[in-house]
Amino acid sequence: MHNNPSSGSGIVYIVGGGPGDPGLITVKGLECLRRADVVLYDRLVAQELLTEAPAYAEVIDVGKEPGRHRRSQDEINGLLIEKAREGKMVVRLKGGDPFVFGRGGEECQALAEAGIPYEVVPGVSSAIAVPAYAGIPVTQRGVTTTFTVVAGHTGAASSDIDWDAVARMGTIVFLMGVEHLQEIVDQLIAYGRGLDTPAALIREGTTQNQLVITGRLEDIVEKTRGIHPPAVLVVGEVVRLQEQLDWFAHRPQSLSLDNFQKAFLSL
């Protein structure tokens, strides 16, 4: 339904677009996207999802890359408020889940302070989905019942990460950690994680370009040299299950991403 800008205050939907495979957006998220007057989207959002917005929708790229931000967070917050005050239905489309290193909370705060109505539509986080598409369950009975998620771009030794606590977790998932991979490995080893601890780096997870490289803490840096973001690092004994559970690489053609996405997005 096209909202009439003259009808009063608009609303903002903070929508998680999922980890890369467009078929992993939620039904509610897709519904919001299909009714949007304005879409502000991030760099890692599946481009196929943008075609689901109405033809009349204003689609704005506000994506941020490490060290190369197109718009500041304050500018994005301002745009959300401005468009909503025009009476429009605004979708803030974010990669993964809005509240997992997505600054969704900051945007909600800005909207709340401005008196703008908003709703949060959770998304499938890459912290769980990317390991799953690589055949790595983040928990497994008899292996580990704990996992933690760490913002890898804060992985330098000078960061405020509690490395002692992190190193003791069963499974550790690092998002956005490629550029600090050596420091992450060094810190885990320094705080007691064994050199032979299994590790996997998954690049462009849940997409057709997915690449999985497995190793151990002692060699994962060397094995993944030249790999660029986006990538997820998984550390822990669950990585040993990857070879057996690598369903994505051996899926039947009938379950291929292309076929499923076409069927889902035509709903």
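Residues numbered from 1 in each chain as written. Predicted model: local features only at pLDDT ≥ 70, side-chain atom pairs only at ≥ 80, totals over all residues. Heavy atoms only, no water.

**Things to note about the overall build of the chain**
For the chain, the helix and strand inventory stands at 10 helices and 12 strands. Classification of the 267 residues of the chain by burial places 50% in the buried group. Look at the contacts in the chain between residues 6 or more apart in sequence, and 68% of them connect residues 24 or more apart. Of the accessible surface of the chain, which amounts to about 12700 Å², a share of 51% is contributed by carbon and sulfur atoms. (Helix = DSSP H or I, 4+ residues; strand = E, 2+ residues; numbered from the N terminus. Buried < 20%, exposed > 50% of the residue type's maximum accessible area, 1.4 Å probe, protein only. Contact = heavy atoms within 4.5 Å. Areas by Shrake-Rupley, 256 points an atom, 1.4 Å probe, with all protein chains shown as cover.)

**Quick notes on the pairing of strand β10 (residues 198-203)**
β10 sits mainly inside the fold: five of its six residues count as buried. Inspection of the sheet shows β10 paired to strand β11 (residues 211-216) by six bridges, in the antiparallel sense. When the sheet's bridge partners are listed, A200 is paired in β11 with T214. By the bridge criterion, five bridges tie β10 to strand β12 (residues 231-235) in an arrangement that is antiparallel. Bridge pairing in β12 places A200 opposite V234. (Pairing = 2+ DSSP bridges.)

**Structural notes on the packing of helix α3 (residues 73-85) against helix α4 (residues 104-114)**
For any two helices packed against each other, one specifies the inter-axial angle together with the distance between the axes. The N-to-C vectors of α3 and α4 enclose an angle of 45°; their axes lie 10 Å apart at closest approach. On the basis of the axis angle, α3 is oblique to α4. Crossing angle aside, the handedness with which α3 passes α4 is right-handed. Counted together, Q73, I76, N77, L80, I81 and R85 of α3 and E106, E107, A110, L111 and A114 of α4 form the full contact between these two elements. The residue makeup of the contact of α3 with α4, split by class, is six nonpolar, two polar and three charged. (Axes fitted to C-alpha atoms, helices over the stretch in contact; angles between N-to-C directions. Parallel < 35°, antiparallel > 145°, perpendicular 65-115°, else oblique. Left-handed = near helix turned anticlockwise from the far one by under 90°. Nonpolar A, V, L, I, M, F, W, Y, C, P; charged D, E, K, R; others polar.)

**Some details on the side chain of D97**
Positionally, D97 belongs in the loop between β6 (89-94) and α4. The buried charged residue D97 lacks any salt bridge partner; its closest oppositely charged side chain belongs to K94, at an N-O distance of 9.8 Å. Here D97 is in contact with G102, P122, G123, V124 and S125, once residues within four sequence places are set aside. (Lys, Arg positive; Asp, Glu negative; His and termini not counted. Salt bridge = Lys/Arg side-chain N within 4 Å of Asp/Glu carboxyl O.)

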